[in-house]
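Tertiary structure, described
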There are 2 protein chains.
Amino acid sequence: MRATTQELVERMKNGDRLALAKLMTIVENREPETAEIMSSIHGRGDSAIIGITGPPGAGKSTLLDALTTQLRSEGRSVGVVAVDPSSPFSGGAVLGDRIRMQKHFLDQEVFIRSLSARGNVGGLARASRDVARLLEAGGKDVVIVETVGVGQSELDIMRLADTVAVVLVPEAGDTVQAMKAGLLEIADIFVVNKADRDGAQKIKNELEQMLHLRPPDGWDVPVIMTVAVEGTGVAELVEALDTHREHLGASGLGDRRSAAGRHEEFLAVLRDEIGRRIQGAIEAGRLGPIIDRVEKGEVDPYGAALDAVGDPGIWSGMSGAGSEEPD
Amino acid sequence: MRATTQELVERMKNGDRLALAKLMTIVENREPETAEIMSSIHGRGDSAIIGITGPPGAGKSTLLDALTTQLRSEGRSVGVVAVDPSSPFSGGAVLGDRIRMQKHFLDQEVFIRSLSARGNVGGLARASRDVARLLEAGGKDVVIVETVGVGQSELDIMRLADTVAVVLVPEAGDTVQAMKAGLLEIADIFVVNKADRDGAQKIKNELEQMLHLRPPDGWDVPVIMTVAVEGTGVAELVEALDTHREHLGASGLGDRRSAAGRHEEFLAVLRDEIGRRIQGAIEAGRLGPIIDRVEKGEVDPYGAALDAVGDPGIWSGMSGAGSEEPD
C-alpha cells in the first residue's frame, strides 16, 4: 500500500473526517487501492449496521433525520449512507429530502455520505457495503444505510445490514405491494410511518397477520408506529433496533449473517479481480486475434467466448496478470 | 445441442411462434443451452432494431402501439421487446400500458415479449439483446425494444438498438433532465409526443439548440412531433427511422456499432462463463478451505480473494472445469 493510503487509514481510525471522506471516494470509484484499504480495515467493529428501505413517499428521509436526532440525544455517533439507485429523473425529490438532514451537517459525531448509481447498480451495492465498513472502522456507533426505492437493487443493498427496518405508510395496497416487492422476507422490523393518518391501525393489523405466515425463527418482527415529522415513536424504534441487535448476538444469527456476508464479499472480489485480469489480458493483446474476428463478425461472440474459456492458454499466466498490468 | 433445441431453432426460423416463445424462455432464464442457441442463430438478419426510451408518462406505450399499426399498414412484420427494469412498486401502471397493445395480439405478424427485472438488472440487458436477436432470426422486419424509465439500466438496454428514439413531452425542465439522464448522447431521433399540448414548439426549439452543441458526426438528429394517441406524426417518425437506417448503412456507422456490440457481447459471455466455472470450482470443493476461513472471519474477504486469484493452482484446470461441472 502507498504510504499515503496507509496514512489515510490510520488518520481515519483516529477520527479524521477528511481522511474518511477521501477513503470513501477511493472506494466508491473502485480505484486500485480499494482492495488493500478494505483488507486493512478487516474485522468487524462495534457498529450496529441498520438498513432502512420502503416505497417512495414513505417518509424514510424524515425518519432517518428523526432517528439520527434520537441516537445523538443518547450520545451515540451516527454514520449515514444514503443510496439512490434510481433514475436521474427522480433526482429532484431526493435532493429535497436530503436537505432535511442539514441540521446534522455541523455535528462532528454524524457523518453523511450519499451514493448514487452513476455506474452499474451491482457496483452500488458493493460501494455501499464498503462505505458502511469504513464508517464502522471510523468508530461510528450506529451506521444507517437508507435506500430510496424498493427494486431489486435496493434489496441487494439491504443485505449488508445487520438489522433491516422496512418503512410503510397507511395506504391501501401497501402491504400487498410490500409482499410482492420481497420486503416481507427482509424485514426485521416494520415501521408504519405517518401513523396519525387514517388506516394506520389497519396496515399494522395486516402486517401482523402476514408476519404470522412467516416460518418462526426465534424473532417476532415488531410493527412500530411512528410520526417521524414530530418524532413520535422514534424512541420505540431505537429500542426495537437495540432489541434486535441483542437477539443477533444471543441467537447466533448475527454470526451466521456475517459469515454469509463475508462469503458473498469474497466471491464478489474474486469476480471483480478476474474481470480486471481479463481486461489486462485484452490490453496485453492476448485475446486480440479472437476479438478482432468477433468484431468483424467472422465468428459469433457466444461461440468464441466459450472457445476462449476452454483454451488453457488463456488461463495460464492469469494468476500473475494482475501484477504485470496494474489497473 | 440437444436435438429438441436444434429443432426449436429450425422451427423458429420457419416462422413457428411457439418455438420462438420457447427459445425466448430458455434464453431469458439463461438456461445452459443459451450459448448454443445464440451461437446457432449468429449473423445479423435484416431487421431494423429500434430502441424507444424516455421518462415515465411520455406516452411511450401509446407511441409503440401507433408505430406498430403504421408499420403493419406498410406490410412490415414487427417484434416488440417491452422491458421493465423498474421496481415492483410501479407494476400497476405498466400493466395498464401493455393492454393498449392488445389489438395486435391476434396479428400473426406481430410478436410481443415483456421482460422484467426478476433477477439482476445486468442480466436484463443481456436477455433483452438475446430476445431481440431471436426476433431478428425469426424474420421480423422491425424489432422495437421499449424501456419504461430512464435509469442507467435503460441506457444499457438501449445500446443493443441500431437506432434509438428518445420520447419527451412538452413539460418544463424535460429537456434539462433528458440531458442529465444521458439521453442526449444516445438519441438518434427525438420525439416530442403529446405535441398538441402547450410548450411543444418550445421543447422542440430547446432540443434543436442543444443538439447543435453535439459534435457533428454526419447525422442531424431530427425532432419529430407526434400525437401518438391520434396517430399524428407517426408516419413521419417511421420515415425518420428509415432514413437513419439508410445512414447507418451508407456511413459505415452501422458496421461500427455492430462491431462494438459483438465485442461487448463476447466479453459478457466470457465473464458469465468464467463466473460459472468459479461456481463449479467452489462446488467441486476446490475453494472450500479458503471460503471456510473467510466465513469464520479468520482471513478478510478482500485479501483472501486477491490471494486466490494470484494462486496458479486455482486457474490450472479451469479451462476444462465447465465440462466437468455442467450448470
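My aim in this report is to walk through the structure given alongside it, one point at a time. (Residues numbered from 1 in each chain as written. Chains lettered and ligands numbered in written order. Predicted model: local features only at pLDDT ≥ 70, side-chain atom pairs only at ≥ 80, totals over all residues.)

**Structural notes on the sheet that holds strand β6 (residues 189–192) of chain A**
All names here are of chain A.
- With parallel pairing, seven strands are arranged side by side in an open sheet as β3-β2-β4-β1-β5-β6-β7. Looking at which strands have only one partner, the edges of the open sheet turn out to be β3 (110–116) and β7 (223–225). Shown here is a sheet whose adjacent strand axes are inclined to one another by a mean of 20°, direction ignored.
- By the bridge criterion, six bridges tie strand β2 (residues 78–84) to strand β4 (residues 142–147) in an arrangement that is parallel. Paired with Val 80 across the bridge in β4 is Ile 144.
- Set on the sheet, helix α11 (residues 234–251) makes contact with β1 (48–53), β5 (163–168), β6 and β7; between it and β6 the angle comes to about 170°. (Pairing = 2+ DSSP bridges. Helix = DSSP H or I, 4+ residues; strand = E, 2+ residues; numbered from the N terminus. Axes fitted to C-alpha atoms, helices over the stretch in contact; angles between N-to-C directions. Contact = placed C-beta atoms within 7 Å.)

**What to know about unusual backbone geometry**
- Positive phi values are uncommon outside glycine, yet Arg30(A) reaches one of about 50°.
- On the basis of neighbour counts, which here come to 17 C-beta atoms within 10 Å, the residue Arg30(A) falls in the partly exposed class. (Buried ≥ 20, exposed ≤ 12 C-beta atoms within 10 Å, placed from the backbone.)

**Some remarks on the sheet that holds strand β3 (residues 110–116) of chain B**
Residue and element names in this part refer to chain B.
- If you walk across this open sheet you meet the seven strands as β3-β2-β4-β1-β5-β6-β7, and the pairing is parallel. If you trace the sheet from one side to the other, it starts and ends with β3 and β7 (223–225), each paired once. Neighbour to neighbour, the strand axes of the sheet diverge by 20° on average, direction disregarded.
- Of the strands in this sheet, β5 (163–168), β6 (189–192) and β7 touch helix α10 (residues 200–212), which is tilted by about 170° from β7.
- Where helix α11 (residues 234–251) meets the sheet, its contacts fall on β1 (48–53), β5, β6 and β7, and the angle it forms with β6 comes to roughly 170°.

**With respect to helix α2 (residues 17–28) of chain A**
Residues and elements named next belong to chain A.
- Taking 1.5 Å per residue as the helical rise, α2 with its 12 residues ought to reach 16 Å, and the 16 Å between its terminal C-alpha atoms agrees with that figure.
- Every buried residue belonging to α2 is among Leu 20, Leu 23, Met 24, Val 27 and Glu 28, and all of these are buried. Angular distribution of buried residues about the axis of α2 spans 130°; they occupy a single face of the element. Of the exposed residues in α2, those oriented more than 90 degrees away from the buried face are Leu 18 and Thr 25. (Expected span 1.5 Å × (residues − 1). Arc of directions from axis to C-beta.)

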